[in-house]
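# Survey of secondary and tertiary structure
Here are the chains, one letter per residue:
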Amino acid sequence: MPIGVKVMKRPIKQTSYLRATLKGMALTFSHLLRPKVTMQYPEEKSSKDWTLSSRWRGTHRMLTDEQGRAKCVACGLCPQICPANCIKLVPGEDEEGNRYPLIYEIDEFRCIFCGYCQEVCPEEAIHVGVHYENSEYSRDRFVYDLERLTAQTHPVSTLWDPSDPKGE
Amino acid sequence: MTFFLVSSAIKVFVVFNLIMVGVALLTLLERRVCAWMQDRLGPNRVGPQGILQPAADGLKNFLKEETSPAMADKTLFTLAPIVSFVPALLTFGVIPFAAPLPTRWGVVPMVVADLPVGFLYILAISSLGVYGIVLAGWSSNNKYALLGGLRASAQMISYEIALGMSTVAVILLAGNVTLSQVIAQQQQALWFVIPLTVAFLIFFISALAETNRLPFDLPEAEGELIAGYHTEYSSMKFSMFYIAEYSNMVTASALMATLFFGGWDIPFTSWDSTGDPSLVKTLATLAVFGLKTFVFLFTYIWVRWTLPRFRYDQLMALGWKVLLPLVLLYITLLAVAIWFVRIRLGWDYGPGMAWVLGGLNLVLLIVLAWWLDRGRIVSGSVPQEAA
């Protein structure tokens, strides 16, 4: 023999291939009848074991006031804090001196979904959303303008709350 | 003569299509059972419960690009899938699958060709299938493929012997190799699985190895040989290897059902084998035969998704050092027992003889399990006496 390999002496219980085989067959058969863990995605989007977290940071949503106008006052904090520089904001002012966004665009491809824009917003206008189905047929559809941001209806993220770190 | 030709042609057509559809459904069954055993659902999107998945797979394989390696031997490369595919389908031809069917023109035996040489023909043809694998491995001009082909030939030769020897036990008991006669004998008394339990187990293990199924799928061994002999194949050529593998499974299962489980015999009644043939009998026995075959097919899948692959030396050790001596010893013992019962006591094959031999098998089985249970099947990489 070219190479000597030390063969461990083990009790029969551990080396028995017959018993191990039968045990394994019984195990796989019992799994055959157990409930399955697969979630049937397009039909089922959450199960009793798994739901999307309320802190999920997905694509944005702009909240509106009672008149249906965006709550944004074009203060410029969100483009300022945005680490990915994906928010484009051009402020405007009406006759009464109220500021509002003339252009408000978020490039969802550049966005890193950190949620700082929601955290920094003094008017609680811009939010990251609990939402993940965003497919489109062209790349330019991923620059969301103000109209599109206000039209979103999905729930908004609660983000991380320092007073409730575990989310209870 | 015209009746024979026409009925044979119809049978060939029907059996071919049934096997093709069966193989297609078997691939689906394999995937779904595998998924269930892993607590998943498996493919269930195409059609109700995924029933059209095999059709989608087939369509995909037809539409895929057919690649051909630049340095491959073109002739053999094309020939290999055919050589693998044809014997896989030929073997089913001699297996009787139902009670004879009465028609207006005469009684049609429900077997494509009731050859007098029966399962000798199956052994001969099924071992031809290895040529396809070896040719595929050789002509691909690929190291992995060649290794797969080499392994396949060594494995087939090793286990062919145990397989053939275990059927010798059936010949000893039945005194005939024609499968319809073997079935008729089992219908008179008990299924051969009782007087020949050990032979059945050896046959089952060897059949796993012959069809290259886990735990003996070393010719493919995706972990070490990528995909073995069909690494370089794509499109319909690959599909043909795939169909060949599964139809080999179908044939092996049907053969096990025929040799040891009474073929199309319905248990606990003689209604199916006596009296005039009728359409109801044909359909009922066909269903029973299908069920028996299905049980073995399921066991194949079940074993595949339970057991890990053998190492190569373990495979060879099991074939040559365990199964071959075992089956030789078993045949000797069985021949003596049959000689004693048949010549000395003068019994014919019937329940009495079956139970006597069954008792002998039970004793042998207990001894065998006790002996094999001492760590003899899977050992270290060096034989124990040499270590």
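Residues numbered from 1 in each chain as written. Chains lettered and ligands numbered in written order. Predicted model: local features only at pLDDT ≥ 70, side-chain atom pairs only at ≥ 80, totals over all residues.

## Some thoughts on the overall build of chain B
Operational definition: Working definition: helices are DSSP H or I runs of at least four residues, strands are E runs of at least two. Numbering for both runs from the N terminus. Throughout, radius of gyration means the C-alpha value; the globule benchmark is 2.2 Å times the number of residues raised to the power 0.38. Residues with at least 20 neighbouring C-beta atoms inside 10 Å of their own are called buried, those with 12 or fewer are called exposed, and the rest are partly exposed, where every C-beta is derived from the backbone. Contact between two residues is assigned whenever their backbone-derived C-beta positions fall within 7 Å.
Within chain B one finds 13 helices and two strands. Relative to the compact-globule value of 21 Å for 387 residues, chain B shows a C-alpha radius of gyration of 22 Å, a close match. Expressed along its principal axes, the backbone C-alpha trace of chain B runs to roughly 65 × 65 × 45 Å. Here chain B, with 387 residues, has 43% of them falling under the buried criterion. A separation of at least 24 residues holds for 77% of the contacts in chain B among residues at least 6 apart in sequence.

## A few points about the environment of Pro267(B)
Residues and elements named next belong to chain B. If you trace the backbone, Pro267 turns up in the loop between helix 10 (235-260) and helix 11 (279-304). The class for Pro267 is exposed, based on 12 C-beta atoms found within 10 Å. Residues Pro267 and Trp191, spaced 76 residues apart in sequence, show a C-alpha to C-alpha distance of 8.8 Å.

## As for unusual backbone geometry
Positioned with a positive phi, Glu124(A) is a non-glycine residue whose angle comes to about 50°. You can see Glu124(A) is positioned in the loop between helix 4 (116-120) and strand 4 (126-129).

## Overview of helix 3 (residues 74-90) of chain B
Residue and element names in this part refer to chain B. Rule in force here: Multiplying 1.5 Å by the helix residue count minus one yields the expected span of that helix. Throughout, bend refers to the angle between the axes fitted to the seven residues that end at a position and the seven residues that start at it.
Taking 1.5 Å of rise per residue, the 17 residues of helix 3 would be expected to cover 24 Å, and the 25 Å separating its terminal C-alpha atoms lies within 8% of that figure. Maximum bend of helix 3: about 25°, positioned at Ala80, with proline Pro81 one to four residues after it. Residues of helix 3 that are buried: Phe77, Ala80, Pro81, Val83, Ser84, Phe85, Pro87, Ala88, Leu89 and Leu90. Along its buried surface, helix 3 packs onto helix 1 (2-37), helix 4 (118-126), helix 5 (129-139) and helix 10.

## Topic: the environment of Gly352(B)
Residue and element names in this part refer to chain B. When you line up the elements, Gly352 lands in helix 13 (residues 351-372). Look at Gly352 and you get partly exposed, because 14 C-beta atoms sit within 10 Å. With 124 residues separating them in the primary sequence, Gly352 and Gly228 have C-alpha atoms 49 Å apart.

## Looking at the confidence of the model for chain B
Going by this rule: Confidence of the predictor at the level of single residues is given by pLDDT, which spans 0 to 100.
When pLDDT is averaged across chain B, the result is 83; 96% of the residues are at 70 or more. Here residues 380-387 of chain B scores under 50 on pLDDT; set against residues more than four positions off or in separate chains, the count is 17 contacts.

## Regarding the pairing of strand 1 (residues 58-62) of chain A
Residue and element names in this part refer to chain A. As a reminder, the rule being used: Pairing between two strands requires that DSSP report at least two bridges joining them.
Counted residue by residue, strand 1 has five buried out of five residues, so it is predominantly covered. Sheet topology note: the strand 1/strand 4 ladder contains four bridges and is antiparallel. Of the residues in strand 4, the one forming a bridge with Gly58 is Gly129.

## Some words on the nonpolar core
For soluble globular proteins, the rule of thumb is that nonpolar side chains tend to be buried together. Rule in force here: By definition, a nonpolar core groups buried Ala, Val, Leu, Ile, Met, Phe, Trp, Tyr and Cys residues that connect through C-beta atoms lying within 7 Å of each other.
Judged by nonpolar contacts, the single largest core of 104 residues is most densely connected at Val170(B), Leu196(B), Ala199(B), Ile202(B), Val250(B), Met256(B) and Phe260(B). Leu196(B) has contacts with Ala169(B), Val170(B), Leu173(B), Phe260(B) and Asn361(B), leaving out every residue within four places of it along the chain. Grouped together as the second largest cluster of nonpolar side chains are 18 residues, Cys78(A), Cys86(A), Tyr104(A) and Leu149(A) included.

## Side note on the packing of helix 8 (residues 197-210) of chain B against helix 12 (residues 312-344) of chain B
Residues and elements named next belong to chain B. Formally: Every axis in this analysis is a line fitted to C-alpha atoms, fitted for helices over the stretch in contact. Angles between the N-to-C directions lie between 0 and 180 degrees. In these notes the angle categories are as follows: under 35 degrees is roughly parallel, over 145 is roughly antiparallel, 65 to 115 is roughly perpendicular, and the rest is oblique. By definition, turning the near helix anticlockwise from the far helix through less than a right angle yields a left-handed crossing, and turning it clockwise yields a right-handed one. In this count, Pro and Cys sit with the nonpolar residues alongside Ala, Val, Leu, Ile, Met, Phe, Trp and Tyr, while Asp, Glu, Lys and Arg are called charged and the others, Gly among them, polar.
Look at helix 8 against helix 12: their axes get within 11 Å of each other, and the N-to-C directions meet at 150°. Here helix 12 runs roughly antiparallel to helix 8, going by the angle between their axes. Where helix 8 crosses over helix 12, the two elements pack in a sense that is left-handed. Mapping the contact onto sequence places Val198, Ala199, Ile202, Ile205 and Ser206 in helix 8 and Leu323, Leu326, Val327 and Tyr330 in helix 12. Grouping the constituent residues of the contact of helix 8 with helix 12 by class yields eight nonpolar, one polar and no charged.

## Side note on the sheet that holds strand 2 (residues 87-93) of chain A
Adjacent strands of a sheet pair through backbone hydrogen bonds, lying either parallel or antiparallel. All names here are of chain A. The three strands are arranged 2-3-5 in an open sheet whose pairing can be described as antiparallel. The open sheet is flanked by strand 2 and strand 5 (143-144), the only strands paired with a single partner. In terms of strand pairing, strand 2 meets strand 3 (residues 99-107) through seven bridges, oriented antiparallel. By the bridge assignment for strand 3, Leu89 is matched with Tyr104.

## What about the packing of helix 3 of chain B against helix 10 of chain B?
All names here are of chain B. Remark: helix 3 packs on helix 10, axes separated minimally by 8 Å, with the N-to-C direction vectors making an angle of 25°. Overall, the two elements helix 3 and helix 10 adopt an arrangement that is roughly parallel. The handedness of the crossing between helix 3 and helix 10 comes out as left-handed. Only Lys237, Met240, Phe241, Ile243, Ala244, Ser247 and Asn248 of helix 10 make contact with helix 3, whose side of the interface consists of Pro81, Ser84, Phe85, Ala88 and Leu89. In terms of residue class, the contact of helix 3 with helix 10 is built from eight nonpolar, three polar and one charged.

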